[in-house]
Amino acid sequence: MRWIVTPLLLSCLPVAAQQNALYFPDNVASAGTCNVIPFGDNNPTSTTWANQKYQNIFTPAQLGAVPFVIQELGFAPCGSGARQFASLKIQMSLTPSTTLSNTFAANLPAPLTVLDTTNYVWANTANVWNRIGLQTPFVYDGVNSVVVDIE
């Protein structure tokens, strides 16, 4: 799955905040293989792979050493259309680990729920970045890895 993390860089200067984006593995939304788990498959109305729990880890080597606030996540699906979820919950956690454990709970030592909603409709356009805004921003400390947990 291709990711975009939209951080708001923190600055100690009293100026307007600057918005940037971090792309994984790169900023080309239309390249790579199709994988939309946990959001279903390339047909937005399909229920295959739609009821999943998914985790990904982003290391300091990927995120950098400058603290910032993550305000939204984005994904580049391979199918267009509205995806509807009875519930959507996203948690994030800082962790000193750089790899994921086989135990979901162990990967979230200090979970923060950044999105928890019901009857969520997410309009997707294939091969472009489709953003999901967070209800609660997440602070990356510039030191630890960040685990993103989607259910």
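The rules behind the values
Residues numbered from 1 in each chain as written. Predicted model: local features only at pLDDT ≥ 70, side-chain atom pairs only at ≥ 80, totals over all residues. Heavy atoms only, no water. Helix = DSSP H or I, 4+ residues; strand = E, 2+ residues; numbered from the N terminus. Contact = heavy atoms within 4.5 Å. Buried < 20%, exposed > 50% of the residue type's maximum accessible area, 1.4 Å probe, protein only. Polar contact = N/O pair within 3.5 Å; in protein donor to acceptor, adjacent residues only side chain to side chain.

### Quick notes on the side chain of T117
With respect to the helices, strands and loops of the structure, T117 is situated in strand 6 (residues 112-124). With sequence-adjacent residues up to four places away left out, T117 is seen in contact with A86, S87, L88 and Q135.

### Brief notes about the environment of F39
If you trace the backbone, F39 turns up in the loop between strand 2 (22-24) and strand 3 (54-58). Sequence separation of F39 and F75 is 36 residues, and the distance between their C-alpha atoms is 9.8 Å.

### A short note on the side chain of N130
Along the polypeptide, N130 turns up in strand 7 (residues 130-140). Residue classification places N130 among the buried positions, given a relative accessible area of 6%. In terms of polar contacts, N130 uses its side chain to reach the backbone carbonyl oxygen of V128, at 2.7 Å. Beyond its immediate chain neighbours, meaning those up to four positions away, N130 contacts L73, G74, F75, P77, W122, A123, N124 and T125.

In short, geometric facts, not functional conclusions.
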